[in-house]
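Now for the letters of each chain:
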Amino acid sequence: MIGRLLASRGRNLTRREALECYLFISPVCVGLLAFTIGPILASLYFSFTEYNIIRAPKWVGLGKFHDLIQDELFWQSLKVTSLYVVMHLPLSLVLALGIALLMNQKVRGIIFFRTVYYLPSVVSGVAVALLWMWIFNPEFGILNTLLALVNIQGPAWLFDEHWSLPAIALMSLWGVGGSMLIYLAGLQGIPSELYEAAEIDGASRWRRFWFITLPLLSTVILFNLVMGLIASFQEFTPAYVMTSGGPNFSTLFYNYYLYENAFEYLYMGYASAMAWVLLVIVLILTLLVFKSSPMWVFYQERQKE
């Protein structure tokens, strides 16, 4: 009798704890359904419709995707974004790793320098864009002023279609502090005994970096590569704040063109189709990165087995 009573109380307690759990997580679940999953499914539906907010959606099947293929600005935006990724991603990965190696040194005041290099990555994107507009100013910007000191005539930067995209890629390096911090955490997780053993064996600093640091840091490199790839394809703020996609569509980023179609021209169906095309492109590239990872990523736990 006592055992049965205890079992009943246990079931009631378990049921109560389950109800309390569902009660506490319900705001997150409702928010996820209402503000994430709901809009995703709605955009998927709108991508197969003719929809401009004013009128009710009209089903057109794959018509919007067919329109994308015939849209020259769609291909231009995809070209600009791809070029930006090619310019920005390798530079940001290498620069962030280089800074992390410097910030991993045991010298006085290193915490201050780590903070200094990390802070720019948390500054608002609009504020950064406005700052760099002054830096890139062809007449009195600090960059051209410095170039003039060494007798170099600086270009018009954001006003020159040949230099506008490289200028934005250069500006994007301002925010490598986030990747630097992740690299730094990975570097500090590498056992110092490995470096000591390699140094005793006569390995040079370069060989220690190539055969110890890079392999043991490869999982971190993979993470930064994937996150950087996704973020690069979603670049938007510089085009919106600094160039409006010009000059001559040289900075017409994919996300900016999507924004124009959605919120300036109210082509919601067309913009939704663009969003899903971008999802497929990023998904394919991410899967290719993961597919290639066994060839260059060193998983220490797997090696132990």
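Cut-offs used in this document
- Residues numbered from 1 in each chain as written.
- Predicted model: local features only at pLDDT ≥ 70, side-chain atom pairs only at ≥ 80, totals over all residues.
- Heavy atoms only, no water.
- Helix = DSSP H or I, 4+ residues; strand = E, 2+ residues; numbered from the N terminus.
- Rg over C-alpha atoms; globule rule 2.2 N^0.38 Å.
- Buried < 20%, exposed > 50% of the residue type's maximum accessible area, 1.4 Å probe, protein only.
- Contact = heavy atoms within 4.5 Å.
- Areas by Shrake-Rupley, 256 points an atom, 1.4 Å probe, with all protein chains shown as cover.
- Axes fitted to C-alpha atoms, helices over the stretch in contact; angles between N-to-C directions.
- Parallel < 35°, antiparallel > 145°, perpendicular 65-115°, else oblique.
- Left-handed = near helix turned anticlockwise from the far one by under 90°.
- Salt bridge = Lys/Arg side-chain N within 4 Å of Asp/Glu carboxyl O.
- pLDDT = per-residue confidence, 0-100.
- Patch = residues over 30% accessible without salt bridge, like charges linked within 9 Å, V, L, I, M, F, W, Y side chains within 5 Å.
- Polar contact = N/O pair within 3.5 Å; in protein donor to acceptor, adjacent residues only side chain to side chain.
- 1 Å grid on protein atoms, 1.4 Å probe; cavity = no way out; pocket = protein on both sides within 12 Å on 5 of 7 lines; lining within 4 Å.
- Points joined across faces, edges and corners; volume = space filled by probe spheres on them.

Caption draft 1: Structural view of the overall build of the protein. Looking only at helices and strands, one finds 14 helices and 2 strands in the protein. Its C-alpha atoms give the protein a radius of gyration of 26 Å, more than 25% over the compact-globule value 19 Å for 305 residues. Its C-alpha atoms give the protein principal-axis dimensions of roughly 95 × 75 × 35 Å. Out of the 305 residues in the protein, the part that is buried amounts to 35%. Once local pairs closer than 6 in sequence are excluded, the contacts in the protein between residues at least 24 apart make up 65%. Counting every atom, the protein has about 19,400 Å² of accessible surface; 68% of that belongs to carbon and sulfur.

Caption draft 2: Region of the structure containing the packing of helix α3 (residues 72-103) against helix α4 (residues 110-118). Where α3 contacts α4, the two axes come as close as 10 Å, and the packing angle between them is 160°. As judged from the angle between their axes, α3 and α4 are roughly antiparallel. The two elements α3 and α4 meet at a crossing, and its hand is left-handed. Residues I99, L102 and M103 of α3 pack against I110, F113, R114 and Y117 of α4.

Caption draft 3: Here's a closer look at the environment of V116. Looking at the element boundaries, V116 is found in helix α4. Sequence separation between V116 and G177 is 61 residues; the distance between their C-alpha atoms is 8.8 Å.

Caption draft 4: Layout of the pattern of salt bridges. Applying the stated rule across the entire model yields 2 salt bridges. The partner of E20 in a salt bridge is R16, and the shortest N-O contact between them spans 3.4 Å. In this pair, E20 and R16 both sit in helix α1 (residues 2-46), 4 residues apart, roughly one turn of the helix. A salt bridge links K64 to E50, with the shortest nitrogen-to-oxygen separation between them at 2.6 Å. Placement of the pair is K64 in helix α2 (residues 63-70) and E50 in strand β1 (residues 49-50), with a sequence separation of 14 residues. For K64, a relative accessible area of 9% gives the class buried. For E50, a relative accessible area of 40% gives the class partly exposed.

Caption draft 5: Representation of the confidence of the model for the protein. Averaged over all residues, the pLDDT of the protein is 91; the fraction at 70 or higher stands at 94%. Looking over the protein, one finds the lowest element-wise mean pLDDT in helix α14 (residues 300-304), namely 53, and the highest in helix α13 (residues 268-292), namely 97.

Caption draft 6: Molecular detail of a nonpolar patch on the surface. Residues Y118, L119, V122, V123, L131, W174 and L181 make up a contiguous nonpolar surface patch of about 570 Å² in total accessible area. One can find Y118 in helix α4.

Caption draft 7: Structural view of the side chain of T81. Along the polypeptide, T81 turns up in helix α3. At 2.8 Å, the side chain of T81 forms a polar contact with the backbone oxygen of S77. Once residues lying within four places of it in the same chain are set aside, the contact partners of T81 are S232, F233, F253 and Y254.

Caption draft 8: Summary view of the layout of surface pockets. Its boundaries defined by the atoms lining it, the largest pocket holds a volume of some 780 Å³. Together, 20 residues line the largest pocket, and L101, N104, Q105, Y195 and T213 are the ones closest to its centre. Mapped onto the lining of the largest pocket, the elements with two or more residues apiece are α3, α4, α8 (177-188), α9 (192-200) and α10 (205-233).

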